[in-house]
Amino acid sequence: MRTQTTDSSDYVFSLDDLKPGEEAVIAGYQDDIADEMRLLEMGLIIGSIVRLVKIAPFGDPIQIRVRGTDISLRRALAKRILTRPTQLNHDERRN
Amino acid sequence: MSAEINTDSSRVEIKQRVVRVALAGNPNSGKTSVFNALTGLRQKIANYPGVTVERKSGMLTGPDRQPFEIIDLPGIYSLVPKSLDEQIAVDILTGTCPVEPPPDLVVVVADVTNLPRNLYLCTQIIDIGLPVILALNMMDVARKKNLQVNVEGLARRLNIPVVPISAKQMEGIDELKEAIFLHGRKGANGRNGHSILKSVELARVCEPLVTWFQEHGIDSPSGAYAEALRVISQPQALERWQNRNGREELSGLVQKARQELDARGIPWKQAEVRIRYAAIDQICAQNITQPKSTGSELSEKIDRILTHKYFGPVLMFLILATIFQSIYTWAEVPMTAIENALGALGQQVEQLLPPGPLQDMLVNGVIAGVGAVLVFLPQIVFLFFFLAILEDTGYLARVAFIMDRFMAKLGLSGQSVIPLLSSFACAVPGIMATRTIQNQRDRLLTILVAPFMSCSARLPVYTLMIGAFIPGIWFGGIFYLPGLVLLSMYLLGMVAAVVAATILQKFVVKGESTSYIMELPAYRMPVWRFIFYRVYEAGKAFVTNAGKIIMAVSIVLWFLASYPKPDAKHQQDMLALEKSGQTVDSFHEIRQSYAGRLGQLIEPVIRPLGFDWKIGIGLITSFAAREVIVSTLATIYNLQDADETSVDLRTALQNDRYPDTGKPVFTPLVAISLMIFFVLACQCMSTLAIVRRETNSWRWPVFMFVYMLIFAYVASFTVFQVGTALGFGS
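The rules we used
Residues numbered from 1 in each chain as written. Chains lettered and ligands numbered in written order. Predicted model: local features only at pLDDT ≥ 70, side-chain atom pairs only at ≥ 80, totals over all residues. Helix = DSSP H or I, 4+ residues; strand = E, 2+ residues; numbered from the N terminus. Contact = placed C-beta atoms within 7 Å. Buried ≥ 20, exposed ≤ 12 C-beta atoms within 10 Å, placed from the backbone. Pairing = 2+ DSSP bridges. Core = buried A, V, L, I, M, F, W, Y, C linked by C-beta atoms within 7 Å. Axes fitted to C-alpha atoms, helices over the stretch in contact; angles between N-to-C directions. Parallel < 35°, antiparallel > 145°, perpendicular 65-115°, else oblique. Nonpolar A, V, L, I, M, F, W, Y, C, P; charged D, E, K, R; others polar. Left-handed = near helix turned anticlockwise from the far one by under 90°. pLDDT = per-residue confidence, 0-100. Right-handed = clockwise from strand over helix to strand, strands pointing away. Expected span 1.5 Å × (residues − 1).

Caption draft 1: Up close: the overall build of chain A. Secondary structure assignment for chain A yields 3 helices and 6 strands. Starting at the N terminus and walking to the C terminus, you meet the elements of chain A as β-β-α-β-β-β-α-β-α. The contacts in chain A between residues at least 6 apart in sequence include a share of 58% that link residues at least 24 apart.

Caption draft 2: Structural view of the overall build of chain B. Helix and strand counts for chain B come out as 33 helices and 12 strands. Relative to its full complement of 730 residues, chain B shows a buried share of 47%. Contacts in chain B between residues at least 24 apart in sequence constitute 73% of all its contacts with a sequence separation of at least 6.

Caption draft 3: Seen up close, the environment of Pro564 of chain B. Residue and element names in this part refer to chain B. Mapped onto the elements of the fold, Pro564 is located in the loop between α24 (528–562) and α25 (568–579). Pro564 sits in the exposed class, given 9 other C-beta atoms within 10 Å. For the pair Pro564 and Ala595, spaced 31 residues apart in sequence, the C-alpha separation works out to 10.0 Å.

Caption draft 4: Highlighting the environment of Arg524 of chain B. Residues and elements named next belong to chain B. As for its placement among the helices and strands, Arg524 is situated in the loop between β12 (517–519) and α24. For the pair Arg524 and Val151, spaced 373 residues apart in sequence, the C-alpha separation works out to 24 Å. Apart from residues no more than four positions distant in its own chain, Arg524 is found in contact with Asp392, Thr393 and Gly394.

Caption draft 5: Spatial organisation of the sheet that holds strand β4 (residues 62–66) of chain A. A sheet is described by the order of its strands in space; here 7 strands give the open sequence β1(A)-β6(A)-β2(A)-β3(A)-β4(A)-β5(A)-β12(B), paired in antiparallel fashion. Since the sheet does not close on itself, it has two edges, and those belong to β1 (13–14) of chain A together with β12 of chain B, each with one partner. Where β4 of chain A lies against strand β5 (residues 69–73) of chain A, 5 bridges are found, and the strand directions are antiparallel. Paired with Gln63 of chain A across the strands is Ser72 of chain A, a residue of β5 of chain A.

Caption draft 6: Examining the nonpolar core more closely. All names here are of chain B. Grouped together as the largest cluster of nonpolar side chains are 224 residues, with contacts concentrated most on Ala24, Leu93, Val108, Ile125, Leu134, Ala135 and Met675. Of the residues forming this core, the biggest block, 11 residues, is contributed by helix α31 (residues 668–680). Not counting the four nearest positions on each side in its chain, Val108 is found in contact with Ala24, Gly25, Leu121, Cys122, Ile125, Val132, Leu134 and Ala135.

Caption draft 7: Just the pairing of strand β4 (residues 67–72) of chain B, in detail. Residue and element names in this part refer to chain B. Two elements, strand β1 (residues 19–25) and β4, share 5 bridges in a ladder whose sense is parallel. Bridged to Val21 within β4 is Ile70. The pairing of strand β3 (residues 54–61) with β4 spans 6 bridges and is classified as antiparallel. When the bridges of β4 are listed, Thr61 appears paired with Pro67.

Caption draft 8: Seen up close, the environment of Ile49 of chain A. All names here are of chain A. Along the chain, Ile49 turns up in strand β3 (residues 49–55). When the 14 C-beta atoms within 10 Å are taken as the criterion, Ile49 is described as partly exposed. Sequence separation of Ile49 and Arg74 is 25 residues, and the distance between their C-alpha atoms is 18 Å.

Caption draft 9: Inspection of the packing of helix α9 (residues 221–233) of chain B against helix α12 (residues 271–287) of chain B at higher detail. Residues and elements named next belong to chain B. Relative orientation of the contacting elements α9 and α12 amounts to 130 degrees, with a least axis distance of 7 Å. Between α9 and α12, the crossing angle belongs to the class labelled oblique. In this structure, α9 contributes Leu229, Arg230, Ile232 and Ser233 to the contact, and α12 contributes Ala271, Glu272, Val273 and Ile275. Of the residues belonging to the contact of α9 with α12, the class tally is 5 nonpolar, 1 polar and 2 charged.

Caption draft 10: Structural detail: the packing of helix α4 (residues 115–128) of chain B against α12 of chain B. All names here are of chain B. Two elements in contact, α4 and α12, have axes separated by 10 Å at closest approach and are oriented at 125 degrees. Regarding the angle of α4 to α12, the classification is oblique. For the pair α4 and α12, the crossing hand works out as right-handed. Across the interface between the two elements, Leu115, Pro116, Leu119, Tyr120 and Thr123 from α4 touch Arg276, Tyr277, Ile280, Asp281, Ile283 and Cys284 from α12. A breakdown of the residues in the contact of α4 with α12 according to their chemical character gives 8 nonpolar, 1 polar and 2 charged.

Caption draft 11: Inspection of the interface of chain A and chain B at higher detail. Facing 33 residues of chain A, the contacting portion of chain B comprises 37 residues. Of all the secondary-structure elements, those providing two or more residues to the side of chain A that touches chain B are α1 (36–41), β3, β5 and α2 (75–78) of chain A. Considering every element that reaches the side of chain A that touches chain B, the biggest residue donor is α1 of chain A, with 6 residues. Its residues assigned to classes, the side of chain A that touches chain B shows 15 nonpolar, 9 polar and 9 charged. In this structure, β5 of chain A lies alongside β12 of chain B, joined through 3 bridges in antiparallel fashion. Bridge pairing links Leu73 of chain A to Ile517 of chain B in β12 of chain B.

Caption draft 12: Local environment of unusual backbone geometry. Cis geometry marks the peptide bond from Asp60 of chain A to Pro61 of chain A, where omega comes out at 0 degrees. In this structure, Pro61 of chain A sits in the loop between β3 and β4. The residue Met138 of chain B is not glycine, and still its phi comes out positive at about 65 degrees. Structurally, Met138 of chain B can be placed in the loop between β6 (132–137) and α5 (139–144). Residue classification places Met138 of chain B among the buried positions, given that 28 C-beta atoms sit within 10 Å. With a phi angle near 65 degrees, Asn146 of chain B is a residue other than glycine that sits in the positive phi range. The residue Asn146 of chain B is located in the loop between α5 and β7 (148–149) in this model.

Caption draft 13: Here's a closer look at the confidence of the model for chain B. Residues and elements named next belong to chain B. Looking at chain B as a whole, its pLDDT mean stands at 82, while 86% of the residues score no less than 70. The secondary-structure element of chain B with the lowest mean pLDDT is helix α1 (residues 2–12), recorded at 43, while strand β8 (residues 162–164) shows the highest, at 96. Ignoring residues within four places in sequence, the model shows residues 1–14, a span with pLDDT below 50, making 2 contacts including any to other chains. Segment residues 639–647: pLDDT under 50, and 19 contacts once partners within four positions in sequence are set aside and those in other chains are kept.

Caption draft 14: Structural context of the pairing of strand β5 (residues 105–111) of chain B. Residues and elements named next belong to chain B. Summarising burial for β5: 7 of the 7 residues are buried, a large majority. For β1 and β5, the ladder comprises 5 bridges, and the chain directions are parallel. Each bridged residue has a counterpart across the sheet, and for Leu23 the counterpart in β5 is Val107. Handedness of the β-α-β unit built from β5, α4 and β6 comes out right-handed.

Caption draft 15: Summary view of helix α21 (residues 440–449) of chain B. For α21 of chain B, a buried count of 8 out of 10 residues is recorded, marking the element as mostly surrounded by other parts of the structure. Looking only at α21 of chain B, the buried set comprises Asp442, Arg443, Leu444, Leu445, Thr446, Ile447, Leu448 and Val449 of chain B.

Caption draft 16: Summary view of helix α17 (residues 377–393) of chain B. Residue and element names in this part refer to chain B. Its 17 residues give α17 an end-to-end C-alpha distance of 24 Å, which sits within 8% of 24 Å, the value for a rise of 1.5 Å per residue. Those residues of α17 that sit buried are Leu377, Pro378, Gln379, Ile380, Phe382, Leu383, Phe384, Phe385, Leu387, Ala388 and Asp392. Where α17 terminates, the next one or two residues include Gly394, which has phi positive at roughly 100 degrees.

Caption draft 17: Spatial organisation of the confidence of the model for chain A. Averaged over every residue, the pLDDT of chain A is 79; the share at 70 or more is 77%. Low pLDDT (under 50) marks residues 89–95 of chain A, which in the prediction has 5 contacts with non-local residues, meaning those over four places away or in another chain.

Structure (structure tokens):
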């Protein structure tokens, strides 16, 4: 298991780039996010699968599902959460 | 075993020690439902001394009449608090709370459908070394979802009792009670639980810290290890130790540990979370069989409509409009019944007691005043009923989800939505709810605009004015004019909050707004029993809290309005005038009373808003609580006609005329101007008192009172003057 905050070997994009219904794997956090700890405790740790459930009617915030819980957060924050595509590292997150 | 307990208990019976059991759990784990299921209506709500966080507790009687106190701790996600009420919960659990010792037993309530995150907190509490019972809540939902849990396996792995329950269905509650009785009595001997933290790699890095914590009050090795991980990972956790002895030594050790982790390429912030979740994921994989997620759960299907891009906002508006409209129409029936009953009571008292100051005070002071407020209890009950349903079904969180965009634009966090929505019931709990807002700037801004939300104390004012002066016209058979006016008052408050927030953050409360993170709980059917508890609690709080103030104010008012008594000669003159058929000033008594003099003093200032001196009296007295203006008016209008105890206040207002011009005192325009004044002015000493407490300074309540008064005056002035100019004045 790699222990870097971001795994540069994969194609990394932000959580905000997901489309409703799409899934990705949390790859890390950008710089200093004030709410990083709360996100981590809620289960958004590196390797967690996250799904963008939907975008709120007026375009912000977004609803994501991680570990069976639906959480809403703003796009500005989602932009700073880095994700990787799920297919590429399927084996890695299985263990 | 039973014989042993029996002999033991006969001795204990002399002085039964109260076993203290804390309920801990994530928000939305159904913790409060479990609390209600365990204690029923035997609940006590107080505040933790020195702070305004609510302390909810209830008693449970165990075998041999052993008393158990169940304490419902504020919801937490972890042992690192992010807000003041979380802080209280964490302090109690970790034994650092100055006013409440750690409990004898902790019942961790976990949402079984969301076990990993709930276990995160549970395993942290186990590591403290407190005896723990895990209550797996929402087993009924798990069954529907075909989720299989190996309860035995979980209990074995964590080495704690695990009780599967469903608080909603009252399932497993007896078993939970038995487990509480059994383990609660063990005291410190009941320490159970295996720490799940095992990482050879990190143990070495933590070693110096573990030793330090063991030297500084943490006995158990697992507890010290858990705390070591926490201070490494979380700056806030380290801050908690900052004011103790040897903090520099601690900081140094933490710094070193972080550097070592960095050198190994492990982000120190994630040290605890990663180890804990890795262990939890393993435990869950071994003990939970989750069916393949179909991806279209019921909640998601419901959300397809309720948070739909177009239907969502429209439905939200319709739902809220329907609620406000039904509060107004349905509550009419019990209100009339209460009005009639109080009228009858007044007549009874008059027949039983001889005429005199006592009878006068009882009928015109006590019964008339309190009665005029009690009559609005049905509306408060209806409002809380709907609010409880919205919250318990999970829809309130969707309202926040839909509205966040606007809150963000206002520079408020989405977390402000809940305190602001709570302020519709009462600004006092609403302002207290701002404690859940982590960003201090957002919190202050929310506090400052929260009183613009139309609270239940304003409802009596709206109802009285609308009922008396807004004609009951239907539009297209769907919309009812009084209902629409009521809705506009609520909307006006919201608009005012928007305007105020925009101005305040430009000039007064500066700084950056943070992002918000909010859970969207799955939709659930509300449990009527729990809704009932909430409504009962709210109704009781309204009657007991507001009732006391209103009772006192009513009597003071009755005195202010009745004294000094006009002298005998003046009385005779007036009587003679009346007999000769001339028009008399029917308020001559109150006019020369203390209250009347006060009202007349401010009349020149409020006349441009359309208010006469009698309303002026009401504006002054309503500072005690907004609804007091209703009892004030009731008192004023009752006094002029001592024979009529059951004066219909509405009729009295409609018939009141200015003695000089003969024009009605109240017109629809005056009613609207008065309602607008009540929407905008901070006419509430309780609100100001709680703001003083929350901001810890008189600066903010004084500021709040002044700026809201300016808002109110300008708005009422504009509406009344423009309305009069346009010919709506009569």
